[in-house]
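If you want the building blocks of each chain, they are given just below.
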Amino acid sequence: MSPIGVFDSGVGGLSVLRHLWAQLPAEQFVYLADQGHVPYGSRSAAEIIQFSQGITQFFQQLNAKAIVIACNTASAAALSLLREQFDVPFVGMEPAVKPAAQQTQSGKVGILATGGTFASDRYARLTARYAQGVTVWEDPCVGLVPEIEAGRLDSPAVHHILQQALAPMLAAGVDTVVLGCTHYPFVLPVVKGIVGTAVSIIDPAPAVARQTSVVLQKNSLLADASQPGNVRFITTGPAEPFARQIEQLLGLADVAVETAVWHSNR
Ligand code: DGL
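The rules behind each value
Numbers given for residues are sequential positions, taken from 1 along each chain in its written order. pLDDT decides what is reported in this predicted model: residues at 70 or higher carry local features, side-chain atom pairs at 80 or more are listed and counted, and totals for whole chains, interfaces and linings draw on all residues regardless. With hydrogens and water excluded, all non-hydrogen atoms of the structure serve as input to the side-chain values. Only a single heavy atom is needed: when it lies within 4 Å of a molecule or strand, its residue is near that molecule or strand. In the analysis that follows, any N or O atom pair within 3.5 Å is treated as a polar contact, provided that within protein one partner can donate a hydrogen and the other can accept it, and provided that, for residues neighboring in sequence, both atoms belong to side chains. Under the convention used here, a 1.4 Å probe and the Shrake-Rupley method define accessible areas, while residue burial counts only the protein chains that appear. Working definition: rings of Phe, Tyr and Trp (its six-membered ring) pair if their centres are within 6.5 Å, and the pair is stacked with planes under 30 degrees apart, edge-to-face with planes over 60 apart, and tilted otherwise. Only protein chains enter the accessibility calculation, which uses a 1.4 Å probe. A residue is then buried if its area is under 20% of the maximum for its type, exposed if over 50%, and partly exposed in between. Residues belong to a common nonpolar core when they are buried Ala, Val, Leu, Ile, Met, Phe, Trp, Tyr or Cys residues joined through side-chain atoms within 4.5 Å. Here a strand is any run of E in DSSP of at least two residues, a helix any run of H or I of at least four, and the numbering for each starts at the N terminus. Contact criterion: two residues are considered in contact whenever any of their non-hydrogen atoms come within 4.5 Å of each other.

**What about the site of the ligand?**
Working step 1: Every one of the 14 residues lining the ligand counts as a neighbour, but S9, Y40, G41, T73 and H183 are closest to it.
Working step 2: Within the contact set of the ligand, a nitrogen atom lies 2.9 Å away from a side-chain nitrogen or oxygen of D8.
Working step 3: Protein chains bury 99% of the 300 Å² of accessible surface belonging to the ligand in isolation.

**So, the packing of aromatic side chains**
Working step 1: Evaluation of the coordinates by the stated rule reveals seven aromatic pairs.
Working step 2: Between the aromatic rings of F118 and Y123, the centroid separation amounts to 5.2 Å while the plane-to-plane angle is 80°, which identifies the pairing as edge-to-face.
Working step 3: Owing to a relative accessible area of 15%, F118 belongs among the buried residues under this scheme.
Working step 4: Ring centres of F233 and F242 lie 6.3 Å apart, and the angle between their planes is 75°; on these two criteria the pair is classed as edge-to-face. Accessibility classification places F233 together with F242 in one group, the buried group.
Working step 5: Among the aromatic residues, those joined into a cluster by ring pairs are F7, F58 and F59.

**Observations concerning the nonpolar core**
Working step 1: Grouped together as the largest cluster of nonpolar side chains are 52 residues, with contacts concentrated most on L14, L112, L162 and F233.
Working step 2: For this core, the leading source of residues is helix α8 (residues 156–172), giving six residues.
Working step 3: Once residues lying within four places of it in the same chain are set aside, the contact partners of F233 are L14, L17, Y31, F242, I246, L250, L252, V255, A256, V257 and E258.

**So, the environment of G92**
Working step 1: By the secondary structure assignment, G92 is in the loop between β4 (90–91) and α4 (97–103).
Working step 2: Here G92 falls in the partly exposed class, since its relative accessible area comes to 24%.
Working step 3: Taking the C-alpha atoms as reference points, G92 and T182, 90 residues apart in sequence, are found 12 Å from one another.
Working step 4: In this structure, G92 is in contact with I69, S75, L79, R83 and V208, ignoring residues within four places of it in sequence.

Nothing here speaks to function; it is geometry throughout.
This is how it looks when you write it as structure tokens:
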């Protein structure tokens, strides 16, 4: 039985993994956190492409049958190239501009994503195509990913960063906010506390899990539903802190965490 590779710069993709696991409980997942290089958001596209190629090769060595890029920044930089270079089905992510533009009543939407995602051609094409007639407010939430990686989900810094990002959007009449970085669902309570109940918040993770299921079905790759699935956790950073993060963010205690073998070469 071949696994599904899932990767992110760090813990963000765990917000996608929990939906993948719920929707596809018979699958074997290998979650790779590239914590040796987190955050991706402030890195060049060339660097992110290089990391994503290395991770894809690593997953191929594990005989992965499909790869989910549980990271908007890596999808923006590398997804098209990876699809050209590797013969394995990929599921990528992008900020949910299209559903936000479809559902807004005020014609104003707010997107929270990383600087790398906003700077990408892929994002420019996405907004040009789907956000016509809609005003899009963007904020890169500088410093938020490191806070979440450090396990500080409710710190004064998190409140400050999100307040600074969301206050101008709210003042402008935004009624829909997109979580365009997979780390951000872990600070959803703070986002909700700031925007209140009149603003809807979109986390694309459930849609990504559904899309993964469709891709597996199309390629006849679904696991035998009579067998229970599992998850293997791997990091390019230190293993022990990652195990604590998994416990904090997914509620899984005493998980075995491995360190990726190729980390020492880089
Ligand atoms: N979680 C990632 C994303 O969805 C990137 C975070 C980062 O490393 O900057 O964009």
